[in-house]
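# Structural description and commentary
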Amino acid sequence: MQHVSSAKKIFFKQMNRFRSYFFNWNDCIVLIGIVFLIGFFFGCSQLKSNKKNNLPSEKFSFESADGTSKLIGDCANIGNYHPVQVQGCGLVNGLPGTGGDDVNSLERRMVYDEMTRMGVRDVRAILASPTTAVVNILAYMRPGIQEDDFFDVEIRLPPETNAKSLRGGWLMKTKLEEMAFIGGSLKEGKTLALVEGPIMIDDPLATETSNPSGLKQGIILGGARVKESRSLTLNMKSGAESAFATDRIAKEINNRFFVSTGQKKGMATAKTDSLIMLDVHPDYAKDVARYVRVVLAISCYENQTKLLHRMERLKTELLIPEKSQQAAFQLEAIGKRGIEILRSGLNSPHVEVRFHAATSLAYLGDGTPAKILATIANNEPAFRVYALNALSVLRTDIEAEISLHELLHVPSAETRYGAFRALHNRNPYDRTIRGENLGNQFSYHGITTNAPPIVHLSKSKRPEIVLFGSDIHLRQPFGLEAGAVIFVNGQSPESVTVKKFALNGVDEQRTVSNKLDDVIRAVVELGGTYPDIFQMLVQADQMKVLSCRLEIDCLPEPNRIYHRPGSSNDDDNSFQESSKKKSVWERMNPKNWFSTNPGGNSSDFEGTTNTSERE
């Protein structure tokens, strides 16, 4: 019995432990369930709260106080719209004994280190040669520049150098980077471009006695090639930061601007609640400022009813000269649905209204206004550059092609050359303006024209010579220099001798007619570069032996002021194309085309870049 009693005690003791354990386990399950339910309801409440906060009616409103739809420009500013400065130090070779070395300069040490890293032998001997010189390189990459685009660079000899001249020099391939002085030392950044090519000195008439500084600096036209495209950004204004808003705005941009390469790809990507990355659409690649203005004129969000109401309002505003530009930008931003309203502006008695309507139609791919744009380009200098831009984007329109061909024969030199550039941008293989790559040195074009002949030289973007007219020649007698070692002698009637003096080797010579085309080709055959031809033609112009006008970068200029008829300035300050011949310096130093803020309150046409490729 005692054993049975002990067994019972043990049994009940174990059962009590089991019951205690079972009770605690149930309590745990209940507690876990309660915690889960509390967390679930709290999370739902928080999610609902967050969702509510992100609704446009609460956190961000797509409507202004007057009930009209907000445009992207009301909510965001354009960013990364500034030229990026890139620099480098490189080696110039091919100098005719005018080079030199400076063992103490920072530039020399940087070039020495880079050549050593590349495994070049006898670096010290190369740098000490009178045929080489170390140079500073400076350039600015324009906003929205795309991969494989080209841009100009400036070349300068360092102050401490013993080199005397860059004439005839060729810059070896060099990296261009963003650089900055940090902690007292120069830090190199990411390589953004590569540059090489022949150097055109700033003053082609400079000598060591008349202008020695003009020999120590120059440019390489289109010598730098971009390694990576630059995107723009949209930065939300203070109080407008919202993930919902940036996502919505990006979708609206992508509905308007996209490319199809197998699949649809939009231009905008929302990154944060305050930042949108914006790629440049190919149709606006040469006119980034206009692209920006159109993007900023897109509605953030509006239903069909509000859109129709806004389009009715824009139809009225388009016909009012003071409001026409902004109305045209908004209609262009709307897209194809805005075409019919824009067409209504083509019959306006106001040239300003016709211009804005026609330009937006062209960017929408409508060739209806081609003749109107050509007439405006010919008659109104303030609108000329933009009208030619618009004609250049109509790449498949026959009326645009015919209109630009007709402008090649007008008296105005800048209209003629502007039409040439527009045709080249539209289709570089156009049968009328198609040229050749002469000696793999420069683009060479000959155009038959009914207007007085002109020789045009480019000093921006790309090396290029255009002869407007077939009967262009050099008047004897003359003696001209084409670089440091090529001389052009025209002493005999209608016969010209082109001779190259070799530093180490046999002299070469060509005898040709006095036709300019023959002389240019002879210089190139003897190894002449574009800077050499440039120097020869500027000398010929100064000596008055060229049979026609010489123009340098004679492009239509932006930001001219248009005075509306009847304004107080209409008679006094209207633009007149100058008949006074510009100096060589004026013709060789074009204005800077960078705009600081295309989305700001600028003048009517300020900030629009020239699609004729001038920087």
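Residues numbered from 1 in each chain as written. Predicted model: local features only at pLDDT ≥ 70, side-chain atom pairs only at ≥ 80, totals over all residues. Heavy atoms only, no water.

### Remarks on the sheet that holds strand 18 (residues 478-482)
- If you walk across this open sheet you meet the four strands as 18-19-20-21, and the pairing is antiparallel. Both outer strands of the open sheet, strand 18 and strand 21 (508-512), are each paired with one neighbouring strand and no more. Neighbouring strand axes in the sheet, compared pairwise and without regard to direction, differ in orientation by 15 degrees on average.
- Alignment of strand 19 (residues 486-490) against strand 20 (residues 496-500), held across four bridges, turns out to be antiparallel. Paired with N489 across the strands is T497, a residue of strand 20.
- With respect to the sheet, helix 15 (residues 516-525) is in contact with strand 18, strand 19, strand 20 and strand 21, its orientation differing from that of strand 21 by roughly 165 degrees.
- In this fold helix 16 (residues 530-542) packs onto strand 18 and strand 19, with an angle of close to 150 degrees to the strand it touches most, strand 18. (Pairing = 2+ DSSP bridges. Helix = DSSP H or I, 4+ residues; strand = E, 2+ residues; numbered from the N terminus. Axes fitted to C-alpha atoms, helices over the stretch in contact; angles between N-to-C directions. Contact = heavy atoms within 4.5 Å.)

### With respect to the confidence of the model for the protein chain
- Residues with a pLDDT of 70 or more make up 81% of the protein chain, whose mean pLDDT is 83.
- In this model residues 47-58 is a low-confidence stretch, pLDDT under 50, and it forms 10 contacts with partners more than four residues away in sequence or in other chains.
- For residues 583-615, every residue scores under 50 in pLDDT, and the model assigns this stretch 98 contacts once sequence neighbours within four places are set aside. (pLDDT = per-residue confidence, 0-100.)

### Some words on the pattern of salt bridges
- Counted according to the given criterion, the structure contains 28 salt bridges.
- Here R117 makes a salt bridge to E114, at a shortest N to O gap of 2.5 Å. Of the two residues, R117 and E114 are both situated in helix 3 (residues 106-117); the distance of three residues between them amounts to about one turn of the helix.
- R117 sits in the exposed class, given a relative accessible area of 59%. (Salt bridge = Lys/Arg side-chain N within 4 Å of Asp/Glu carboxyl O. Buried < 20%, exposed > 50% of the residue type's maximum accessible area, 1.4 Å probe, protein only.)

### Comments concerning the sheet that holds strand 9 (residues 232-236)
- The antiparallel open sheet is built from four strands, whose spatial order is 1-9-13-12. On the outer flanks of this sheet lie strand 1 (76-79) and strand 12 (268-270), each paired with one strand and no other. For this sheet, the mean inter-axis angle between neighbouring strands, taken without regard to orientation, is 25 degrees.
- Note: strand 1 against strand 9, four bridges, orientation antiparallel. Looking at strand 9, one finds that G79 is bridged to T233.
- Packed on one face of the sheet, helix 5 (residues 243-256) meets strand 9, strand 12 and strand 13 (275-278) and runs near 165 degrees to strand 12.

### Side note on helix 14 (residues 413-426)
- With 14 residues, helix 14 should reach 20 Å at 1.5 Å per residue; the first-to-last C-alpha distance of 20 Å fits that figure.
- Within helix 14, 14 of the 14 residues are buried, leaving the element largely enclosed by the surrounding structure. (Expected span 1.5 Å × (residues − 1).)

### Quick look at the packing of helix 12 (residues 381-393) against helix 14
- Packing of helix 12 against helix 14 brings their axes to within 8 Å, and their N-to-C directions diverge by 25 degrees. Here helix 14 runs roughly parallel to helix 12, going by the angle between their axes. The chirality of how helix 12 crosses helix 14 is right-handed. Here R384, L388, L391 and S392 of helix 12 come into contact with helix 14, specifically with E414, T415, G418, A419, A422, N425 and R426.
- Across the contact of helix 12 with helix 14, the residue classes break down as four nonpolar, four polar and three charged. (Parallel < 35°, antiparallel > 145°, perpendicular 65-115°, else oblique. Left-handed = near helix turned anticlockwise from the far one by under 90°. Nonpolar A, V, L, I, M, F, W, Y, C, P; charged D, E, K, R; others polar.)

### So, the environment of A484
- By secondary structure assignment, the location of A484 is in the loop between strand 18 and strand 19.
- Sequence-wise, A484 and L95 are 389 residues apart; in three dimensions their C-alpha atoms are separated by 8.6 Å.
- Excluding its chain neighbours within four sequence positions, the residues that come into contact with A484 are P96 and R167.

### Describing the pairing of strand 17 (residues 464-468)
- Burial analysis of strand 17 places five of its five residues in the buried class, which makes it a mostly covered element.
- The side-chain alternation of strand 17 yields two buried faces, one formed by E464, V466 and F468 and the other by I465 and L467.
- For strand 15 (residues 442-447) and strand 17, the ladder comprises five bridges, and the chain directions are parallel. Along strand 17, the bridge assignment pairs I447 with F468.
- Here four bridges tie strand 16 (residues 454-457) to strand 17, and the two strands are oriented antiparallel to one another. Along strand 17, the bridge assignment pairs I454 with F468.

### Some words on the pairing of strand 20
- Between strand 19 and strand 20, which pair antiparallel and follow one another directly, the connecting turn spans five residues, one of which, E494, has a positive phi of 55 degrees.
- As paired elements, strand 20 and strand 21 share five bridges and run antiparallel to each other. Across the sheet, the residue bridging to V496 is V512, located in strand 21.

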